[in-house]
Protein chains: 2
Amino acid sequence: MTMVRSAPTAAPVLPTRGRLRPLGLEEVRVTGGFWAERQSVNAAASLEHIAHWLEREGWIRNFDLVAEGDLAERRGREFSDSEIYKFLEALAWEIGRTGDAGLESRFRAIVDRVARAQDADGYLNTKFGHAGQEPRWSDLVWGHELYCVGHLLQAAVARARTRPDADDGLVAIARRAADNICAAFGPDGIDGLCGHPCIETALVEFGRVTGDDRYLAQAALFVERRGHGRLGDVEWGREYFQDESPVRQATVLRGHAVRANYLAAGAVDVAAETDDPVLMKAVRAQWRNAVARRTYVTGGQGSRHQDEAFGADWVLPPDRAYSETCAGVGSVMLAWRLLLASGDAGYADLIERTLYNVVSTSPATDGRRFFYANTLHRRVLGASPDVERPSIRASAAQRAPWFEVSCCPTNVARTLASLAAYVATTDDEGLQIHQYVTGTIAHGPADGPERRVTVTTAYPDAGEIRVRIDSDDDRPWTLSVRVPAWAGQGATLTAGGETRPVAPGYATERRTWRGGDEVVLNLPVAPRFTYPDGRIDAVRGCVAVERGPLVLAVESVDVPGGEDLDELRVDTSQPPTLADGRVTVRCRRLEPHDHDWPYNGSEAAPAATATADLLEVPLIAYHDWANRGPSTMRVWLPTI
Amino acid sequence: MTMVRSAPTAAPVLPTRGRLRPLGLEEVRVTGGFWAERQSVNAAASLEHIAHWLEREGWIRNFDLVAEGDLAERRGREFSDSEIYKFLEALAWEIGRTGDAGLESRFRAIVDRVARAQDADGYLNTKFGHAGQEPRWSDLVWGHELYCVGHLLQAAVARARTRPDADDGLVAIARRAADNICAAFGPDGIDGLCGHPCIETALVEFGRVTGDDRYLAQAALFVERRGHGRLGDVEWGREYFQDESPVRQATVLRGHAVRANYLAAGAVDVAAETDDPVLMKAVRAQWRNAVARRTYVTGGQGSRHQDEAFGADWVLPPDRAYSETCAGVGSVMLAWRLLLASGDAGYADLIERTLYNVVSTSPATDGRRFFYANTLHRRVLGASPDVERPSIRASAAQRAPWFEVSCCPTNVARTLASLAAYVATTDDEGLQIHQYVTGTIAHGPADGPERRVTVTTAYPDAGEIRVRIDSDDDRPWTLSVRVPAWAGQGATLTAGGETRPVAPGYATERRTWRGGDEVVLNLPVAPRFTYPDGRIDAVRGCVAVERGPLVLAVESVDVPGGEDLDELRVDTSQPPTLADGRVTVRCRRLEPHDHDWPYNGSEAAPAATATADLLEVPLIAYHDWANRGPSTMRVWLPTI
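Being a predicted model, the structure only gives us computed values, none of them experimental.

S.K.: Hey, could you run me through the overall build of chain A in this one?
M.R.: A count of helical and extended segments in chain A gives 14 helices and 23 strands. The globule rule puts the C-alpha radius of gyration for 640 residues at 26 Å, and the 25 Å found for chain A is close to it. On the principal axes, the C-alpha backbone points of chain A span a range of 75 × 70 × 45 Å. Within chain A, buried positions represent 65% of all 640 residues. Put simply, 68% of the contacts in chain A that link residues at least 6 apart link residues at least 24 apart. Counting every atom, chain A has about 21300 Å² of accessible surface; 48% of that belongs to carbon and sulfur.

S.K.: I'm lost on the packing of helix α6 (residues 170-185) of chain A against helix α8 (residues 213-225) of chain A in this one. Help?
M.R.: Packed helix pairs are characterised by how far apart their axes lie and by the angle those axes make with each other. Residues and elements named next belong to chain A. At a minimum axis separation of 10 Å, α6 and α8 run at an interaxial angle of 50°. As judged from the angle between their axes, α6 and α8 are oblique. The handedness of the crossing between α6 and α8 comes out as left-handed. Contacts from R175, A178, D179, I181, C182 and F185 of α6 reach α8 at R214, Y215, Q218, L221, F222 and R225. Broken down by class, the residue content of the contact of α6 with α8 amounts to seven nonpolar, one polar and four charged.

S.K.: Explanation requested: the relation of the copies chain A and chain B in the structure shown.
M.R.: What connects the two chain copies is a rotation about an axis and a shift along it. With an RMSD of 0.0 Å, the operation that places chain A on chain B is a rotation of 180° combined with a shift of 0.0 Å along the axis. What the superposition gives is, in effect, a two-fold axis relating one chain to the other. Taken as a fraction of all interface residues of chain A, those also at the interface in chain B reach 100%, which identifies the copy contact as same-surface.

S.K.: Please explain the environment of B:M280 as it appears in this structure.
M.R.: All names here are of chain B. Within the element layout of this structure, M280 appears in helix α10 (residues 277-293). A relative accessible area of 13% means that M280 is categorised as buried. Separated by 252 residues in sequence, M280 and V28 have C-alpha atoms that sit 28 Å apart. Residues in contact with M280, not counting those within four places in the same chain, are V268, A271, A272, L338 and A341.

S.K.: Can you help me understand the interface of chain A and chain B in this one?
M.R.: The parts lose accessible area when they come together, and the size of an interface is often stated as this lost area. Counting residues at the interface gives 59 residues for chain A, matched by 59 residues for chain B. Taken together, both faces of the contact between chain A and chain B bury some 4800 Å²; the carbon and sulfur share is 50%. On the chain A side of the interface with chain B, the three residues burying the most area are A:R535, A:W597 and A:Y599, jointly 15% of the side's total. Counting across the chain A and chain B interface gives 10 salt bridges.

S.K.: How do you make sense of the packing of aromatic side chains when you look at a structure like this?
M.R.: Aromatic ring pairs are defined here through the distance separating the ring centres and the angle between the ring planes. All names here are of chain A. Taken as a whole and assessed by the stated rule, the structure comprises 50 aromatic pairs over all chains. Look at Y123 and W137: their rings are 5.2 Å apart centre to centre, the planes differ by 85°, and that puts the pair in the edge-to-face class. One end of the pair, Y123, is in the loop between α4 (101-117) and α5 (145-162); the other, W137, is in the loop between α4 and α5, and 14 residues separate them in sequence. Across the pair, W137 and Y123 agree in class, each one buried. Arranged with centres 5.7 Å apart and planes meeting at 55°, the rings of F185 and F222 form a pair that is tilted. Taken as a pair, F185 in helix α6 and F222 in helix α8 lie far apart in primary sequence, 37 residues in all.

S.K.: Would you take a moment to explain unusual backbone geometry for this structure?
M.R.: Residue and element names in this part refer to chain A. A cis geometry characterises the amide bond from Y459 onward to P460, with omega recorded as 5°. Positionally, P460 belongs in the loop between β7 (451-457) and β8 (464-469). The phi dihedral of W137 is positive, around 55°, even though this residue is not glycine. W137 sits in the buried class, given a relative accessible area of 14%.

S.K.: Please clarify how the packing of helix α5 (residues 145-162) of chain B against helix α7 (residues 199-210) of chain B should be interpreted in this entry.
M.R.: Residues and elements named next belong to chain B. Following both chains from N to C, one finds α5 and α7 inclined at 30°, their axes separated by 8 Å at the closest point. Between α5 and α7, the interaxial angle falls into the category roughly parallel. In this structure, α5 crosses over α7, and the sense of that crossing is left-handed. Only I199, T201, A202, L203, E205, F206, R208 and V209 of α7 make contact with α5, whose side of the interface consists of L146, V149, G150, L153, Q154, A156, V157, A160 and R161. Of the residues belonging to the contact of α5 with α7, the class tally is 11 nonpolar, three polar and three charged.

S.K.: Explain α10(B) to me, please; I cannot follow it from the model alone.
M.R.: Since one α-helical turn is 3.6 residues long, residues separated by three or four positions face the same way. Residue and element names in this part refer to chain B. Taking 1.5 Å per residue as the helical rise, α10 with its 17 residues ought to reach 24 Å, and the 24 Å between its terminal C-alpha atoms agrees with that figure. Where α10 is concerned, the buried positions are L279, M280, A282, V283, A285, Q286, W287, A290, V291, A292 and R293. Summarising the contacts, the buried residues of α10 are in contact with α9 (257-274), α11 (325-342) and α12 (345-359).

S.K.: Help me out: how do you make sense of the sheet that holds strand β12 (residues 505-511) of chain B in this one?
M.R.: Two modes of strand pairing occur in sheets, parallel and antiparallel, and in both the strands are linked by backbone hydrogen bonds. Residues and elements named next belong to chain B. An order of β1-β4-β5-β9-β12 is seen for the five strands of this open sheet, with the pairing classed as mixed. The outermost strands of the open sheet, each flanked by one partner alone, are β1 (21-22) and β12. Each of β1, β4 (424-427) and β12 is contacted by α11, which is oriented at about 20° to β4, the strand it contacts most. Relative to strand β9 (residues 477-483), α12 is tilted by about 50°, and along the sheet it contacts β9 and β12.

S.K.: When you look at the confidence of the model for chain A in this model, what are you seeing that I'm missing?
M.R.: Segments scoring low in pLDDT should not have their predicted coordinates read at a detailed level. Residue and element names in this part refer to chain A. Of all residues in chain A, 97% have pLDDT values of 70 or greater, and the mean over the chain is 94. Considering only residues more than four positions removed or in separate chains, one finds that residues 1-6, a stretch of pLDDT under 50, has 15 contacts. Interface confidence for the predicted complex, given as ipTM, is 0.92, next to a pTM of 0.93.

S.K.: What is the right way to look at the side chain of B:S80 in this model?
M.R.: All names here are of chain B. Looking at the element boundaries, S80 is found in helix α3 (residues 80-98). A polar side-chain atom of S80 sits 3.0 Å from a polar atom in the side chain of R74. Non-local contacts of S80, meaning those with residues more than four positions away in its chain, are made with W59, N62, R74 and R75.

S.K.: Got a minute to help me understand the domain arrangement of chain A in this structure?
M.R.: Residue and element names in this part refer to chain A. Under the domain assignment used here, chain A contains domain 1 (57-225), domain 2 (234-421), domain 3 (424-522) and domain 4 (528-638). Using only C-alpha atoms to locate each centre, domain 2 and domain 3 end up separated by 30 Å. Residue-level contacts link 12 residues of domain 2 with 13 residues of domain 3. In total, about 920 Å² of surface goes out of reach between domain 2 and domain 3, with carbon and sulfur atoms giving 54% of it. When residues of domain 2 are sorted by the area they lose upon contact with domain 3, D349, E352 and Y356 head the list and together hold 47% of the total. Summed over the shared surface of domain 2 and domain 3, the result is two salt bridges.

S.K.: It is not clear to me how the pattern of salt bridges should be interpreted in this structure. Could you clarify?
M.R.: A side chain of one charge can pair with a side chain of the opposite charge when the charged atoms of the two come close. All names here are of chain A. Scanning the model with the defined rule gives 133 salt bridges over all chains in all. When the shortest N-O distance is used, the salt bridge between D167 and R108 registers 2.7 Å. Of this pair, D167 sits in the loop between α5 and α6 while R108 sits in helix α4; the two residues are 59 residues apart in sequence, bridging distant segments of the chain. Using a relative accessible area of 63% as the deciding quantity, one classes D167 as exposed. Classification of R108 by relative accessible area gives partly exposed; the value is 27%. Between D233 and R238 there is a salt bridge; the shortest N-O distance is 2.9 Å.

S.K.: How should I be thinking about helix α2 (residues 61-68) of chain B in this particular structure?
M.R.: Within α2(B), burial applies to B:N62, B:F63, B:D64, B:L65 and B:V66. Lining the buried residues of α2(B) we find α3 and α4 (101-116) of chain B.

S.K.: Teacher, can you tell me more about the sheet that holds strand β11 (residues 498-501) of chain A here?
M.R.: All names here are of chain A. The seven strands lie next to each other as β2-β6-β7-β8-β13-β10-β11, forming an open sheet whose pairing is antiparallel. Each edge of the sheet is formed by a strand with only one pairing partner; in this case those strands are β2 (28-32) and β11. Pairs of neighbouring strands in the sheet enclose a mean axial angle of 15°, with direction left out of account.

S.K.: Even after reading the chapter, I still don't get the pairing of strand β15 (residues 542-547) of chain A, so can you show me in this structure?
M.R.: Consecutive side chains of a regular strand alternate in pointing toward one face of the sheet and then the other. Residue and element names in this part refer to chain A. β15 sits mainly inside the fold: six of its six residues count as buried. Side chains C542, A544 and E546 of β15 all project onto a buried face; the interleaved residues V543, V545 and R547 project onto the opposite face, where all are buried too. Where strand β14 (residues 528-532) lies against β15, three bridges are found, and the strand directions are antiparallel. Each residue of the ladder has a partner; that of R528, found in β15, is E546. Inspection of the sheet shows β15 paired to strand β23 (residues 637-638) by two bridges, in the antiparallel sense. When the bridges of β23 are listed, V543 appears paired with L637. Relative to strand β16 (residues 550-555), β15 runs antiparallel, the two sharing two bridges. Within the sheet, the bridge partner assigned to E546 lies in β16 and is V551. Linking two consecutive strands that pair antiparallel, namely β15 and β16, is a turn of two residues; a positive phi of about 55° is found at G548 within it.

What counts, and at which threshold
Here the residue index of a chain counts from 1 through its sequence in written order. All chains are assigned letters beginning with A, and all ligands numbers beginning with 1, in the order in which they are written. Per-residue local features are limited, in this predicted model, to residues with pLDDT of at least 70; the limit for side-chain atom pairs, both in listing and counting, is 80 or more; totals at the level of whole chains, interfaces and linings are taken over all residues. Hydrogens and water are ignored here; the side-chain numbers use all heavy atoms of the structure. The helix count covers DSSP runs of H or I at least four residues long, the strand count covers runs of E at least two residues long, and both are numbered beginning at the N terminus. As a reference, a globule follows 2.2 Å times the number of residues to the power 0.38, and the radius of gyration itself is taken over C-alpha atoms. Think of it in three bands: with a 1.4 Å probe and only protein chains considered, a residue is buried below 20% of the maximum accessible area for its type, exposed above 50%, and partly exposed in between. Contacts are assigned to residue pairs that have any heavy atoms within 4.5 Å of one another. All accessibility values rest on the Shrake-Rupley procedure with a 1.4 Å probe; residue burial counts only the protein chains present in the view. Inter-axis angles, ranging from 0 to 180 degrees, are taken between N-to-C directions of lines fitted to C-alpha atoms, where helices are fitted over the stretch in contact. The cut-offs work like this: below 35 degrees is roughly parallel, past 145 is roughly antiparallel, 65 to 115 is roughly perpendicular, and the gaps in between are oblique. Here is the rule for handedness: rotate from the far helix to the near one, and if that takes an anticlockwise turn smaller than a right angle the crossing is left-handed, while a clockwise turn gives right-handed. When residue character is reported, Ala, Val, Leu, Ile, Met, Phe, Trp, Tyr, Cys and Pro are called nonpolar, Asp, Glu, Lys and Arg charged, and the others, Gly included, polar. Least squares is used to superpose the copies, and the fit set is the C-alpha atoms of residues whose pLDDT is at least 70 in both copies. Accessible surface is computed with a 1.4 Å probe, and the buried area is the amount of it that two parts give up when combined, taken over both parts together. Counted as salt bridges are all cases of a side-chain nitrogen of Lys or Arg within 4 Å of a carboxyl oxygen of Asp or Glu. Working definition: rings of Phe, Tyr and Trp (its six-membered ring) pair if their centres are within 6.5 Å, and the pair is stacked with planes under 30 degrees apart, edge-to-face with planes over 60 apart, and tilted otherwise. The length a helix should cover is 1.5 Å for every residue beyond the first. When DSSP finds two or more bridges between a pair of strands, those strands are recorded as paired. pLDDT runs from 0 to 100 and stands for how confident the predictor is about each residue. The term polar contact refers here to a pair of N or O atoms within 3.5 Å; inside protein, the definition further demands a hydrogen-donor-capable atom paired with an acceptor-capable atom, and it admits residues adjacent in sequence only when both atoms are side-chain atoms. Domain limits in this description derive from either an automatic procedure or a database domain assignment.

Put into structure tokens, the structure is as follows:
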């Protein structure tokens, strides 16, 4: 199915082919509730905070140094340019969302500095290719030059779709950089690829913006070049770069989890644009296997600190979870593209889970500190990070203001600013709502009157989602609302005065809608125990507690008796309780015990004979943990 | 208690103060059984194999390059010199053990090459300090210069104690190198220390050999300098070098597991020689806590791949176990020193466990391939390592012939060659046998006739250990034999025709012994289930199977139905069976099942309703796994 568009939709992904068509920021307005609050903190605090650190660390000034011709004082890692571009992308979406004039001038000021650093032939990078630096493209494995341009293109996409008539020049900068890459890496150019995928998905989207097919062709070339060992060997193996197996042949996401998701997203884009069902099917299978066997209950991906990578199937230790924030962002990017291609609700389920439990976990309540890695189990209190200097990425026991490798804050910021674009889609039948936010959705199909709805909900705190139709139509169309897989029992849909049970997937209601019509989806958000597959060794004998899309956690600051959560044992004979907005589970605490050697000839007696009083232990949303000072925390709780 | 010695004992550790006095290679002869076979393979295959790779990789030639004055072609990492020294140490012990003339000439040839690389002032290192190289001591954090000299001193100790009158010059080389260090790093010298401990324990021992107190003083200075942040910050934190807390204040072994053990061994040496009970007590507490909460059932230490480090308490994932071979060697070194100081059987217990399940696991049956890391759970078949080039250390699914960082083969070789020195000790009361090997023990106390015993046993395959007295005495002395903690029930001692139960610790028999007297210790080596402490999340709901000191494992090549061991569930209602020398446990296999999402609202049904036939699944000694081609393996087995 090929679609015809009248005007750019303000969304990061606009496939020309696929099952669903995204709605953009101008069509979906988030007006209240959970995500509006997150977006508000992002706008009011995080963007300013990020700008401060980008200047403080000299990463923006690097562009000035190129223009000045003296790079002796360049600071930051080889990929620091990308943070400026992700910040520009975040600003572009935020400006598109709110029209903030202050952000607009900040945006333009940075674009001007970037523009002055671009070489005459379009090459743009502050780390390579100038006097006193290593030559261009001399370190494709670790240099991140193509990766950085990828983020530049994504920023330009955001700008082109939110301010198509702006004269700031970002799109032109991006076009010159993309052309430079096509010239350097085209079929007759360097037979290479970037150690960190990103350019693939970025080139496809930039091709969608510009209508220039060369960019798609170059993206396809990069996708196909990977998997043949061109990047050589590293200590962690070629899987780290997904260079051990061609994308078409791989069966699961593997290696560095951000790289894996970005690459797969690019492969879906190429498959969609080139109508390549074989490539699409390969990525879908990789996603399916990764989600079935290599993903944390939070949606987090990557269980290995050493190489920030997926582990083998079933290797999902909560206490050494890496679950990098950026891998969560990448997972949302991938799942969204697969959802658009297929219309399958499972992709939207993972997006919801990841948004609430990874992307939302990274920023602190104040929007000025971030988790880089998102552990599911913190055993000991840790020192608070130094707020005066960048933290080492994964070692922080608490959120840190900035990192030496600081990819996560900007990635969260661009995702939150563009969040409305992940809420709803259309197809020839009607409107699909994938994520539940309080707000409005308006879409004018090419062949009929505008369709407008208002969504009102206290989700995820409450399970009622009211969708009111605000427009009249003279022909029927279908309203589809997603019933998450976790709502397998007890979800109902009320429409036309009738209530019926609905199963996971999309519940649909086809009518000739009139203004004032209302559909009410009720999702069962009572807290529930969740049991892991018996093959996940690391959490055998444990339960998690979930509520709606939220994974809950026990944090020591809420627990009588201190920080040693590892001695709590949950009594699962009664379900978690919800009272006054607070979820509790019934636990016993193991008797204090110690021994010289922790392996013995009989089952651990203390667990079996615990005689302590039952405790009612409260839980909080996992994404809220570590906002109240040093603490210990568990998502998975051993059972009695 | 100060001891007077008549002649050097051929042992790596000879404290002048402490509870027990070691017996050396001339006093303890291993003549048959498990360890004799290991020593034989070490002598016949491993030493030759190591020599081959040391030449092939150019690490010995580096010494020639220094002598030739052109280091442009130096090869190997900054610590490669240490491998030559560990190899010399292994040769020295082996020559001491067997008098092999071929090894003697090999030894002398290498010493000659080392000698020519020593600078006039005693400085000795092939990586620093010469034309075209970084200056001496310019990178104490990572340069390993002091570490390398530490291994040189240990080689010299071995030589001095096995061939005290040899004219090869190694001891003189070592003395000049040690003097150079004392001059450079003494109280008025560089206020620094080495990123990798080793020099501390080496200097103390070299001081014991030479009687020069300056070396002890320098060792004490290095021990005290650590823990104050002199090494600066690294990504993994100052714990990596044990530089975040002074040795006297630390409460547990932490950070890089080899560094931690080597440092602690040096601290014990300093404490013993300076009669410092406070320092000794601190290290004993660190050891106790590390063993109680941070050690694998195999005795292996270090659960983190990223920094080869101890994790937090209870973080002991079997599938990401690092359990580096060298950490096992270091653990034996530390526990032996603590045993000599205290006489507590727990130290000998850990030595036994570590020797059988870590040190013995590293080398293949043929002695020509090694594990660097010793995982306790291999989930997927892996590619066989390239035998034509060094492997990356921890990534090998099977043993590899050599590594880019190849510390383990030489460490195993020196340990096996000196193994007899860890078997028995004396004190004023008599003779203590700590490890059970078939062989002879002879010791002539200063004040009486020589005491000779013969030990005959098929241990660890059988639990009977016969100790026959081969000498007559006219005064009583005490024979002590260790009853391991795992033998808590059923161990008996037969002496003078009477059999009595004996408890873990040392069972003693005091008599005026006559030649032909016999004591028989019977240890219960029936296979048994072992349960982990309930706080070790990673193996909750699992059992291990042990037999005597051996940890057993299920390896896929023995299991009908293929490589997926993760679906086996053990029925613990009946103990493991031993028949025809083969141990089996009764298991069910989970029904094949798959799902889109591995976290569900009810307990994993397949485990609870397994209806498959019961399988008798065989186990092997863990140290024997991966000797029969690619396989999967589990030590910890989930229960039904």
